[in-house]
Amino acid sequence: MGRGDQAQQVSDHQRPLFAPGERGNARGAPPLLCFLGVPLSREEQAFGAICVANKPGGYTGKDREFLERLSVAFGMALDHSRAKQAVQTACEYAESIVETIREPLVVLDADLRVLSANRSFYRTFQVIPEETEGKQIYNMGRRQWDIPRLRELLEKILPENTQLQDYELELNFPTIGRRIMILNARRIYREAHKTQMILLAIEDITERKRAEEIQWGRNRVLEQLATGASLVEVLLILVEIAEKNNPGIFCSVLLFDKEKKQLLLGAAPNLPNFYNEAINGIKIGPGVGSCGTAAYTGKRVIVEDIMVHPYWTKFRELAKKAGLRACWSEPIISSSDQILGTFAMYYREPRVPDQSDIEFIKTTAHLAGIAIEKKQTEEELRNAHDELEIKVEERTKELAEANVRLIEASRLKSQFLANMSHELRTPLNSIIGFTGILLQGMSGKLNDEQKKQLNMVYDSAKHLLELINDILDLSKIEAGKIEIIAVEFEVKELVQAVEKMVLPMMEEKGLTFDIAISDDVPPTVYNDKNRIKQVLINLLSNAIKFTESGKIMVNLEFGLGI
């Protein structure tokens, strides 16, 4: 067995191996000298062996004891080296993980000095390691972190083994503005340096809080609209919410007068009065400031620096006096794409909007559009209602006046009919009376033709008198009906009487008259003789009127209602 095999045997079996030397064999191979080997192990796990050989005179028990002690010491040293390397590797691994975390992390020592911070911290707060590491957290930047309550909570973590949990903090930074954060901190132990430290985790919830506050504000605006608040009240609330969520800005809402093509002040409570008075009533157009241009083009206008932008040439001194340097204006557009006004955000320093600013101005202008459009619709409905009431009142007045005129006309009609009743009846009664005297021969003897003609006059006069009596009966007219008086009469006799009455008109036009009475018509009927007689007269009169030549036929047949 060679030395390599003997060393492997020591390592595999985890026990010492002693081999005395041997002479060379017959084939001339070199002799195997003495061998001593002890295993290397840690916590019963073998990881190698220590072997010696070729000592003149061989190895004693003391050699073996020394070698075993040496293996123990060597194993401990090797194990420590491996552990140190493992710790170093673990630290590097942990640090690489920390660097990839998006949440800002800071490691503080017992004096609350910054030992290190991850990449997210420097990116979030826009600082560099030279401005941060080695400084107490209270002295960073412009001492924004120097808050007594925060210091008290952090100083308790190491000595009392406490934790800082969900501590909400709001700070203003010169580079990134207002930030709302949640802080969590706890004790950690760095094995390599045998020291205790504080790991501070910072969660920036500014955007989340801003979104929540904006949503709350929008709900408040909608509630005010639903409860009937005025447009000015709603717009003031809208501006208040916008300014609260964007410290350092001044907001305004201008309303567009479509007829005069100008912008009128809607709400701008924190802009100077002289500025609002100068802007109120401004005509829109290209290059007329931020708002006048936005209303004219229907597009957002971003002016980063009022002092150098051409849109503000005419208003530069006014803006300078008001202390305004930047103005972003968003057109307020209705659901039907009509310009309703503008929503503007002013700053005291030149400023470029980021994406969150753009989203904010868009959504706020949209909400203002909802409010303005709703109030305009309500105003239009109110005006339409008022106009309708005026028209109804005027129409009611006209109807009342017409009713008075109708009453007066009815009175005059009644008076007229009363007068006409006397005026018409008197001559008719005279005609009937004198005709009767003539027919009786009191004025002399009449021939047959004269009697015939006088009978026709007599019958016509009596019929006309009956009609006048019916027409001039005021009670019957005002009641809307004429009384039917049924009597028994001969049909043929009635037709012949009507024929006599219309005969002169027929002879004048050269017309002939023919009457055909059906066999089923009874000799006498029971009905209103005068009404049927009038109907026949009307029919025959129309027939004569519209017949130029020929014959007029009257056919009588029996049926229901005759």
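Residues numbered from 1 in each chain as written. Predicted model: local features only at pLDDT ≥ 70, side-chain atom pairs only at ≥ 80, totals over all residues. Heavy atoms only, no water.

A. Structural detail: the overall build of the chain. Within the chain one finds 15 helices and 18 strands. Each of the 562 residues in the chain was classed as buried or not, and the buried ones make up 34%. Considering only contacts within the chain whose residues lie at least 6 apart along the sequence, 54% involve residues at least 24 apart. (Helix = DSSP H or I, 4+ residues; strand = E, 2+ residues; numbered from the N terminus. Buried < 20%, exposed > 50% of the residue type's maximum accessible area, 1.4 Å probe, protein only. Contact = heavy atoms within 4.5 Å.)

B. Geometry of unusual backbone geometry. A positive phi angle, near 55°, is found at asparagine 161, a position not held by glycine. Note that asparagine 161 resides in the loop between α5 (157–160) and β6 (164–173).

C. Up close: the sheet that holds strand β9 (residues 249–257). Ordered in space as β11-β10-β9-β14-β13-β12, the six strands form an open sheet in which the pairing is antiparallel. Here the strands that pair on one side only, and so sit at the sheet edges, are β11 (282–283) and β12 (301–303). Here eight bridges tie strand β13 (residues 326–333) to strand β14 (residues 339–347), and the two strands are oriented antiparallel to one another. Residue pairing for β14: serine 329 is matched across the bridge by alanine 344. (Pairing = 2+ DSSP bridges.)

D. The pattern of salt bridges, seen in detail. Taken as a whole and assessed by the stated rule, the structure comprises 11 salt bridges. The shortest N-O distance in the salt bridge between arginine 179 and aspartate 204 comes to 3.1 Å. Taken together, the residues arginine 179 in strand β7 (residues 177–190) and aspartate 204 in strand β8 (residues 195–204) connect sequence positions 25 residues apart. Here arginine 208 makes a salt bridge to glutamate 203, at a shortest N to O gap of 4.0 Å. (Salt bridge = Lys/Arg side-chain N within 4 Å of Asp/Glu carboxyl O.)

E. Local environment of the environment of methionine 456. Mapped onto the secondary structure, methionine 456 falls in helix α12 (residues 448–471). It is 9.4 Å that separates the C-alpha atoms of methionine 456 and valine 498, two residues lying 42 residues apart in sequence. Not counting the four nearest positions on each side in its chain, methionine 456 is found in contact with Lys500, Met501, Leu503 and Pro504.

F. Inspection of the packing of helix α6 (residues 206–226) against helix α7 (residues 231–244) at higher detail. Contact pair α6 / α7: the axes reach a minimum separation of 10 Å and the direction vectors enclose 175°. Relative to α7, the element α6 is oriented roughly antiparallel. In this structure, α6 uses Glu213, Gly217, Arg220, Val221, Gln224 and Leu225 to contact α7, whose residues at the interface are Val234, Ile237, Leu238, Glu240 and Ile241. Of the residues belonging to the contact of α6 with α7, the class tally is six nonpolar, two polar and three charged. (Axes fitted to C-alpha atoms, helices over the stretch in contact; angles between N-to-C directions. Parallel < 35°, antiparallel > 145°, perpendicular 65-115°, else oblique. Nonpolar A, V, L, I, M, F, W, Y, C, P; charged D, E, K, R; others polar.)

G. Representation of a negative patch on the surface in the model. The grouping of Asp386, Glu387, Glu389, Glu393 and Glu394 at the surface amounts to a negative patch. Here glutamate 394 shows up in helix α11 (residues 355–439). Looking at glutamate 394, the relative accessible area reads 46%, which means it is partly exposed. (Patch = residues over 30% accessible without salt bridge, like charges linked within 9 Å, V, L, I, M, F, W, Y side chains within 5 Å. Areas by Shrake-Rupley, 256 points an atom, 1.4 Å probe, with all protein chains shown as cover. Lys, Arg positive; Asp, Glu negative; His and termini not counted. Charge placed at Lys NZ, Arg CZ, Asp CG, Glu CD.)

H. Summary view of the packing of aromatic side chains. All chains considered together, the criterion is met by eight aromatic pairs. Arranged with centres 5.0 Å apart and planes meeting at 45°, the rings of phenylalanine 121 and phenylalanine 125 form a pair that is tilted. Note that phenylalanine 121 and phenylalanine 125 are positioned in helix α3 (residues 119–125) at a spacing of four residues, about one turn of the helix. Accessibility classification places phenylalanine 121 together with phenylalanine 125 in one group, the buried group. Measuring from ring centre to ring centre gives 6.3 Å for tryptophan 312 and phenylalanine 315, while their planes differ by 80°; the resulting arrangement is edge-to-face. Judged by relative accessible area, phenylalanine 315 falls into the buried class, the value being 16%. Over the ring of phenylalanine 274 we find lysine 321, and its NZ or CZ is 4.5 Å from the ring centre. (Phe/Tyr/Trp six-rings, centres within 6.5 Å; stacked < 30°, edge-to-face > 60°. Lys NZ or Arg CZ within 6 Å of the ring centre and 35° of its normal.)

I. View of α7. In a regular helix each residue adds 1.5 Å, so 14 residues correspond to 20 Å; α7 covers 20 Å between its end C-alpha atoms and thus fits that length. Those residues of α7 lying buried are Leu231, Val234, Leu235, Ile237, Leu238, Val239, Ile241, Ala242 and Glu243. (Expected span 1.5 Å × (residues − 1).)

J. Fine view of helix α14 (residues 491–509). Across its 19 residues, α14 extends 27 Å between first and last C-alpha, which sits within 8% of the 27 Å expected from 1.5 Å per residue. Largest kink in α14: about 50°, centred on valine 502, with the proline proline 504 one to four residues after it. Residues of α14 that are buried: Val491, Leu494, Val495, Ala497, Val498, Met501, Val502, Leu503 and Met506. Two residues or fewer past α14, glycine 510 is found with a positive phi of approximately 75°. (Bend = angle between axes of the 7 residues up to and from the residue.)

K. Local environment of the packing of α14 against helix α15 (residues 529–545). It is the contact of α14 with α15, at a shortest axis distance of 10 Å, that shows an interaxial angle of 20°. Relative to α15, the element α14 is oriented roughly parallel. In this structure, α14 meets α15 at a crossing whose hand is right-handed. The residues of α15 that touch α14, namely those facing Leu494, Val495, Val498, Met501, Val502, Met505, Met506 and Lys509, are Lys529, Ile532, Lys533, Leu536, Ile537, Leu540, Ser541, Ile544 and Lys545. (Left-handed = near helix turned anticlockwise from the far one by under 90°.)

L. Seen up close, a nonpolar patch on the surface. Judged by side-chain polarity, Phe434, Ile437 and Met442 come together as a nonpolar surface patch covering roughly 330 Å² of accessible area. Relative to the elements of secondary structure, phenylalanine 434 occurs in helix α11.

M. Seen up close, the side chain of threonine 342. Locating threonine 342 in the fold gives a position in strand β14. If we ignore the near neighbours within four places in the chain, the residues touching threonine 342 are Ser252, Val253, Leu254, Leu263, Cys291, Ala294, Ala295, Ser329, Glu330, Pro331 and Ile332.

N. Broad picture of the side chain of glutamate 330. Position of glutamate 330 relative to the elements: it lies in strand β13. Taking the relative accessible area as the measure of exposure, glutamate 330 reaches 11% and is therefore buried. In this view, glutamate 330 contacts Arg300, Gly341, Thr342, Phe343, Ile361, Lys362 and Ala365; residues no more than four positions away in its chain are not counted.

O. The state of the cysteines, seen in detail. Applying the stated criterion to the full structure yields zero disulfides. For cysteine 251, which is in no disulfide, the shortest distance to another cysteine sulfur is to cysteine 327 and amounts to 9.9 Å. Using a relative accessible area of 0% as the deciding quantity, one classes cysteine 251 as buried. A disulfide-free cysteine, cysteine 327 has its sulfur positioned 4.9 Å from the sulfur of cysteine 291, the nearest such atom. Under the relative-accessibility criterion, cysteine 327 is labelled buried at 0%. (Disulfide = S-S within 2.5 Å.)

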